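Structural characterization, general
Given next are the chains, with one letter for each unit.
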Amino acid sequence: MKKVLWGFAGLLLCVSNAWAQYPNKPIRLLVPFAPGGSSEIVSRAFGAELSKVLGQNIVVENKPGGAGNIAMVEAKGAAADGYTLILGHVGTLAVNPAMFAKLPYDPIKDFIPISLLAKVPSLLVVNAQISAKSLKEYVALAKSKPGTVNYGSAGNGSSGHLAMAYLNQTAGVDTQHLPYKGPGRC
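Presented here is an overview of the structure given in this document. (Residues numbered from 1 in each chain as written. Predicted model: local features only at pLDDT ≥ 70, side-chain atom pairs only at ≥ 80, totals over all residues. Heavy atoms only, no water.)

**Some words on the environment of alanine 45**
Along the polypeptide, alanine 45 turns up in helix α2 (residues 38–54). Assessed through its relative accessible area of 45%, alanine 45 is described here as partly exposed. When the C-alpha atoms of alanine 45 and valine 60 are compared, they prove to be 10.0 Å apart, with 15 residues separating the residues in sequence. (Helix = DSSP H or I, 4+ residues; strand = E, 2+ residues; numbered from the N terminus. Buried < 20%, exposed > 50% of the residue type's maximum accessible area, 1.4 Å probe, protein only.)

**As for helix α4 (residues 90–99)**
Structurally, the α-helix is built with 3.6 residues per turn, so residues lying three or four positions apart point the same way. All buried positions along α4 are accounted for by Gly91, Thr92, Val95 and Asn96. Along the axis of α4, the buried positions cluster into a sector of 115°, meaning they face one direction only. Summarising the contacts, the buried residues of α4 are in contact with α3 (69–77) and α6 (159–171). (Arc of directions from axis to C-beta. Contact = heavy atoms within 4.5 Å.)

**Comments concerning the sheet that holds strand β3 (residues 84–86)**
Judged by pairing direction, the sheet is parallel, and its three strands sit side by side in the order β2-β1-β3 without closing on themselves. Edge positions in the open sheet fall to β2 (58–62) and β3, since each of these has one partner strand only. If you compare each strand with its neighbour and ignore which way they point, the axes differ by 25° on average. Where strand β1 (residues 27–31) and β2 come together, five bridges link them in parallel fashion. (Pairing = 2+ DSSP bridges. Axes fitted to C-alpha atoms, helices over the stretch in contact; angles between N-to-C directions.)

**Side note on the packing of aromatic side chains**
The full count for this structure, using the stated rule, is two aromatic pairs. Summarising the aromatic geometry, the rings of tyrosine 105 and phenylalanine 111 are spaced 5.9 Å apart at their centres and angled 75° between planes, so their arrangement reads as edge-to-face. (Phe/Tyr/Trp six-rings, centres within 6.5 Å; stacked < 30°, edge-to-face > 60°.)

**Re the pattern of salt bridges**
Under the defined criterion, the tally for this structure stands at seven salt bridges. Residues lysine 76 and aspartate 110 are paired through a salt bridge, measuring 3.7 Å at the closest nitrogen-oxygen approach. A residue pair is termed long-range when its members are at least 10 positions apart, and lysine 76 in helix α3 and aspartate 110 in the loop between α4 and α5 (135–144) qualify at 34 residues. Judged by relative accessible area, aspartate 110 falls into the partly exposed class, the value being 30%. In the salt-bridge network here, residues are joined through shared partners; they are Arg28, Glu61, Lys63 and Glu74. (Salt bridge = Lys/Arg side-chain N within 4 Å of Asp/Glu carboxyl O.)

**Focus: the packing of α5 against α6**
Axis angle and axis distance: for two packed helices, these are the angle between their axes and the distance between the axes, and together they describe the pair. Running from N to C, α5 and α6 point in directions that differ by 75°, and their axes come no closer than 11 Å. Classified by the interaxial angle, the pair formed by α5 and α6 is roughly perpendicular. Counting all contacts with α5, which are made through Leu135, Tyr138, Val139 and Lys143, the residues of α6 involved are Met164, Leu167 and Ala171. Across the contact of α5 with α6, the residue classes break down as six nonpolar, no polar and one charged. (Parallel < 35°, antiparallel > 145°, perpendicular 65-115°, else oblique. Nonpolar A, V, L, I, M, F, W, Y, C, P; charged D, E, K, R; others polar.)

Nothing here speaks to function; it is geometry throughout.
Next comes the structure, spelled out in structure tokens:
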């Protein structure tokens, strides 16, 4: 038993020495979407504050494409040394497993959550020249012109797309989705 305890104490000493030196190089924070959206804003603000706390640069890298799957695969393949982080997102962690028959990562087994960084609300806004000034008026407008009212989102399967699909379903309207290549282009 004495040998086991001394071995455990030695292991703890090694681990504590390794963590005492962390981080000794810049940390990558991958954002699985194009620049300009809430994911990037949250990541850059978090990265700046984390850099102050750790005394090491946090390099925010936008890796858009494939509904976030490109960045998720890159993060999955990175060394498990704490130097590559990824901003988890409802799309990459909850929506994609339901949308893709064969996902190149497992959101439960391949990643370990660290912290909730932000809750981002969805907003429905219209051009000021549109006659709808409330949700009730927007629904009435959409019902009066089925299939002709368009809306944009950050892309297929994005939270904005799903929120509007849900609104269409619950309000009984038919609006047309125009997916953009990321949130900064909406």
